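# Commentary on secondary and tertiary structure
Chain by chain, the residues:
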Amino acid sequence: MNEYPWLTTLWLAPVVGAALVLALPAARRTLARAVALGFSVLALGIGIGLAVRFDPGGAQYQFVESHQWIPAFGAGYTLGLDGIALVLVLLTAALVPVLILAGWHDEREVGSGKRVAHTYVALILLVEAMVLISFVALDILLFYVFFEAMLIPMYFLIGGFGPRTGDALLRRQRSRAAVKFLLYNLFGGLIMLAAVIGLYVLTAREGLGDGSAGTFDFRAVVTAANAGQLGAGPAVLNALFLGFMFAFAVKAPLWPLHTWLPDAAVAATPSSAVLMMAVVDKVGTFGMLRYCLLLFPGASDTYAPLVITLAVIGIVYGALLAIGQTDVMRLIAYTSISHFGFIILGVFAMTSQGQTGATLYMVNHGISTAALFLVAGFLVSRRGTRLIAEYGGVQKVAPVLAGTFFIAGLATLSLPGLAPFVSEFLVLIGTFTRYRFAAVIAASALVLAALYVLWLYQRMMTGPVKKGNERIWDLAPRELAVVIPLIAALLFLGIYPKVLTDFIDPAVSQTLTTIGRSDPAPSAPPAEAGSANHPGGAHK
């Protein structure tokens, strides 16, 4: 008896919700949002149910579904869930209801038109569905299709639903940001498509599929790749690795392919920007961990020093540029570039601590960025400007808003006791065991993070109340319903990350075992080594 297709139900729930929203009459805006919220909560419920039933000590991929899709090409509709994908599914499913609720009444943030609310929340649900299927796909072609398809609804969210304004220059900037986002990511996807085709040709030549066809089955290709059965030399495998890596580095983004992110983040609504930075971009770092490492272990070793160098540059570069920003939303966007550098650093350190930290960082970055960006968005919608210099004394007129902004900012700088600290610590420890210099340089960003966060808070929230800020009001009940769960998650995961690492650790161990990597052996101090191996060594 076949098990119920829970993974299909997971990603279909938001698709059905989007269809129902678009079918509602134009005048039923509140109902449209309520339906969207309801189906996003349904997806979250399914995700929690999967987590409850998931066995960390069981098979690597669970809840597997496999059906023929395009038999002539060896492509299948194959889904499965491991511990790494599970925590990212939970992040996605948990954030989307928060984002829908955050933009519930913000008509100024979604433009004008009879069906604007319907289209807006439907696009958010479609992005959610495509991200979810990307995390659970076990067919390379299936993953690629949705990796690219999610760009379309995200493009319309950035270009079509920015702040309503009569300023033609701002409208053009928003349009350019959306086009830049699309072109960068489409170009990366085009390079990846060439690599996907090349990989398929190798599987066909080696007879890994049925008959004369190759296969896109991820598990079969991983098995062949790690057994040296792809029948290709290092040069070919390196080129295929670079094709996948380039697309993921654009999506993540990795310096110097990051330039589309700040423009897109400030052009979109806060909810759309968080959806992009906290959810969609995680598909890039997830792809590095799953596809680059498992499909091309040798090439991953070859290019690890280069990727780690770029990641460290991104960490420091993002932090330095954040310090110099005058726009609060752009400042937060640059902090994400720094944080993505930490995630990529942990992935390519190829240690259990590094990869566990990187996966946990994906979740914690999503939560902390959502908290900081949404609270900043609430503030900007009240004051009508993103310029830091226009603020001052906000904590006197809106103490709860200022307090939640402060906690979210402390999480961004990885203060001990808040969730990002654990993941950043694991990344640095895992990197130090193999790349000490890179870990030391990356750790310098902790000082820079403290500088940009605390200085930002001082300029915006402390001091006398500047003219125009006296009319800022504190967080409303709906806004508290958005922020409180995020702050609670930052506190809970900062104290008890085990609730996620129990899922992540076995999956990371399986990944390292599959590619034949292990943690570096600890080195004993010379005196201890002499005492242990040469009893007389201490007397020499």
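Reference entry: report on the structure contained in this document. Keep in mind that what you see is a predicted model, and the values were worked out from it rather than measured. (Residues numbered from 1 in each chain as written. Predicted model: local features only at pLDDT ≥ 70, side-chain atom pairs only at ≥ 80, totals over all residues. Heavy atoms only, no water.)

## Description of the overall build of the chain
Of regular secondary structure, the chain possesses 23 helices and two strands. For the chain, the spread of C-alpha atoms along the principal axes amounts to about 75 × 70 × 40 Å. Here the chain, with 540 residues, has 57% of them falling under the buried criterion. Excluding contacts between residues fewer than 6 apart, the proportion of contacts in the chain whose partners are at least 24 apart in sequence is 83%. When the accessible surface of the chain is split by element, carbon and sulfur atoms take 67% of a total near 20,200 Å². If you average the places of the 33 positive and of the 27 negative side-chain charges in the chain, the two averages end up 11 Å apart. (Helix = DSSP H or I, 4+ residues; strand = E, 2+ residues; numbered from the N terminus. Buried < 20%, exposed > 50% of the residue type's maximum accessible area, 1.4 Å probe, protein only. Contact = heavy atoms within 4.5 Å. Areas by Shrake-Rupley, 256 points an atom, 1.4 Å probe, with all protein chains shown as cover. Lys, Arg positive; Asp, Glu negative; His and termini not counted. Charge placed at Lys NZ, Arg CZ, Asp CG, Glu CD.)

## Section: the nonpolar core
Of all hydrophobic cores here, the largest spans 203 residues; its most connected members are Leu81, Ile140, Phe244, Met276, Leu295 and Phe348. If you tally residues by element for this core, the top one is helix 15 (residues 352-383), at 16 residues. (Core = buried A, V, L, I, M, F, W, Y, C linked by side-chain atoms within 4.5 Å.)

## A look at the packing of aromatic side chains
Counting across every chain of the model gives 23 aromatic pairs. Geometrically, the ring pair formed by tyrosine 155 and phenylalanine 156 is edge-to-face, given 5.2 Å between the ring centres and 70° between the ring planes. Looking at tyrosine 155, the relative accessible area reads 24%, which means it is partly exposed. Geometrically, the ring pair formed by phenylalanine 244 and phenylalanine 248 is tilted, given 6.3 Å between the ring centres and 50° between the ring planes. A residue pair is termed a helical-turn pair when its members lie 3 or 4 positions apart in one helix, as phenylalanine 244 and phenylalanine 248 do in helix 9 (residues 234-251) at four residues. Classification of phenylalanine 244 by relative accessible area gives buried; the value is 0%. (Phe/Tyr/Trp six-rings, centres within 6.5 Å; stacked < 30°, edge-to-face > 60°.)

## Notes on the pattern of salt bridges
Enumeration over the complete set of coordinates arrives at ten salt bridges. In this structure, the salt-bridge partner of arginine 290 is aspartate 82, at a minimum N-O distance of 3.0 Å. A residue pair is termed long-range when its members are at least 10 positions apart, and arginine 290 in helix 12 (residues 282-295) and aspartate 82 in the loop between strand 2 (75-81) and helix 3 (83-102) qualify at 208 residues. Judged by its relative accessible area of 3%, arginine 290 falls in the buried class. Linked by salt bridges that have partners in common, Lys180, Asp263 and Arg330 make up one network. (Salt bridge = Lys/Arg side-chain N within 4 Å of Asp/Glu carboxyl O.)

## Structural notes on the packing of helix 15 against helix 17 (residues 399-412)
For any two helices packed against each other, the geometry comes down to the angle between their axes and how far apart the axes lie. Where helix 15 meets helix 17, the axes come as close as 8 Å, and the angle between the chain directions of the two elements is 145°. Regarding helix 15 and helix 17, the two cross each other, and that crossing is left-handed. Contacts between helix 15 and helix 17 involve Ser368, Ala371, Leu372, Val375, Ala376, Leu379 and Arg382 on the former and, on the latter, Leu401, Thr404, Phe405, Ala408, Gly409, Ala411 and Thr412. (Axes fitted to C-alpha atoms, helices over the stretch in contact; angles between N-to-C directions. Left-handed = near helix turned anticlockwise from the far one by under 90°.)

## Considerations on the environment of leucine 261
Locating leucine 261 in the fold gives a position in helix 10 (residues 260-267). Sequence separation between leucine 261 and serine 336 is 75 residues; the distance between their C-alpha atoms is 9.0 Å. Residues in contact with leucine 261, not counting those within four places in the same chain, are Pro253, Met276, Met277, Asp281, Ala333, Ser336 and Ile337.

## A few points about unusual backbone geometry
With omega at -10°, the peptide bond leading from alanine 252 into proline 253 counts as cis. The omega torsion across tryptophan 255 and proline 256 is 10°, close enough to zero to call that bond cis. Here proline 256 lies in the loop between helix 9 and helix 10. Unlike most non-glycine residues, phenylalanine 63 shows phi in positive territory, near 60°. Tracing the backbone through its elements, the reader meets phenylalanine 63 in strand 1 (residues 62-70). Backbone geometry places serine 414, a non-glycine residue, at a positive phi of 60°. Among the residues examined, serine 414 registers a relative accessible area of 7% and is labelled buried.

## Notes on the pairing of strand 1
Where strand 1 and strand 2 come together, six bridges link them in antiparallel fashion. Residue pairing in the sheet places glutamate 65 in a bridge with leucine 79 of strand 2. Linkage of strand 1 to strand 2, two consecutive antiparallel strands, is achieved through a turn of four residues, within which glycine 74 is found at a positive phi near 70°. (Pairing = 2+ DSSP bridges.)

## Structural notes on the pairing of strand 2
When you tally the buried positions in strand 2, you get seven out of seven residues, the bulk of the element. Burial along strand 2 is two-sided: the residues Ala75, Tyr77, Leu79 and Leu81 and Gly76, Thr78 and Gly80 are all buried.

## Thoughts on helix 14 (residues 328-349)
Between its first and last C-alpha, helix 14 extends 32 Å over 22 residues, near the 32 Å set by a 1.5 Å rise per residue. Here helix 14 lies mainly inside the structure; 21 of its 22 residues are buried. Phi turns positive, to about 55°, at methionine 350, one or two residues after helix 14. (Expected span 1.5 Å × (residues − 1).)

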